[in-house]
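Coordinates in review
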Amino acid sequence: MTKAKDITILILVTGLMLLLGVIVIGDFYMAFKEARPADEGVINLLQMSITGIIGIVAGYISGKPSKDG
């Protein structure tokens, strides 16, 4: 069962990072092309999402049983 949880967390975090990358790169490209500043909503989304991803990974790691004992 632990192997399935490992794979699920890996897929979840990888998918979120890819989605965020597409959104941020797309907005930055459009901002550069239109000579305007980056959208504050996208920057806020990025900050909140990174915090969420860190929370997901930290919760997973802290909830995992140790192999020492």
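Before going into details, it helps to say that this report is about the structure given with it. What you see is a predicted model, and the numbers here were worked out from it, not measured in a lab. Each chain has its residues counted from 1, running along the sequence as written. The predicted nature of this model means local features are confined to residues of pLDDT at least 70 and side-chain atom pairs, given and counted, to a pLDDT of 80 or more, with totals for whole chains, interfaces and linings taken over all residues. The side-chain figures draw on all heavy atoms in the structure; neither hydrogens nor water molecules are used.

Residues enter a patch when their relative accessible area is above 30% and they make no salt bridge; the linking distance is 9 Å between like charges and 5 Å between nonpolar side chains (Val, Leu, Ile, Met, Phe, Trp, Tyr). Per-residue accessibility takes into account occlusion by the displayed protein chains alone, with areas from the Shrake-Rupley method and a 1.4 Å probe. Whenever a carboxyl oxygen of Asp or Glu lies within 4 Å of a side-chain nitrogen of Lys or Arg, that contact is scored as a salt bridge. There is a patch of nonpolar side chains on the surface, built from L19, I23 and L45 and spanning about 240 Å² of accessible area. Helical segments are the DSSP runs of H or I of at least four residues, strand segments are the runs of E of at least two, and each set is numbered from the N terminus. Inspection of the secondary structure assignment puts I23 in helix α1 (residues 2–34).

Working rule for helices: expected span equals 1.5 Å times residues minus one. Taking 1.5 Å as the rise per residue, helix α2 (residues 40–63) with 24 residues should run 34 Å; its terminal C-alpha atoms sit 34 Å apart, in good agreement. Among all positions in α2, only V42, S49, I53 and Y60 are buried. Only heavy atoms enter the contact rule, under which two residues are in contact if any of them lie within 4.5 Å. Among the structural elements, α1 are those in contact with the buried residues of α2. Buried, partly exposed and exposed residues are distinguished by accessible area as a fraction of the type maximum, computed with a 1.4 Å probe on protein chains only: under 20%, between the cut-offs, and over 50%, respectively.

Nonpolar cores are built from buried Ala, Val, Leu, Ile, Met, Phe, Trp, Tyr and Cys residues. Side-chain atoms within 4.5 Å join them into one set. Membership of the largest hydrophobic core is limited to five residues, which are I9, V13, L20, I53 and Y60. Secondary-structure elements contributing two or more residues to this core are α1 and α2. Among the elements that line this core, the one with the most residues is α1, at three residues.

This brings us to the pattern of salt bridges. Within this structure, the stated rule accounts for two salt bridges. Residues joined by salt bridges that share partners form a network here, namely D27, E34 and R36.

Phi angles above zero are rare outside glycine, and A35 is one such case at about 55°. Mapped onto the secondary structure, A35 falls in the loop between α1 and α2.

Tracing the backbone through its elements, the reader meets Y60 in helix α2. Between the alpha carbons of Y60 and I9 there is a distance of 7.9 Å; along the sequence they are 51 residues apart. Ignoring any residue separated from it by four or fewer positions in sequence, one finds Y60 in contact with T2, K5, D6 and I9.

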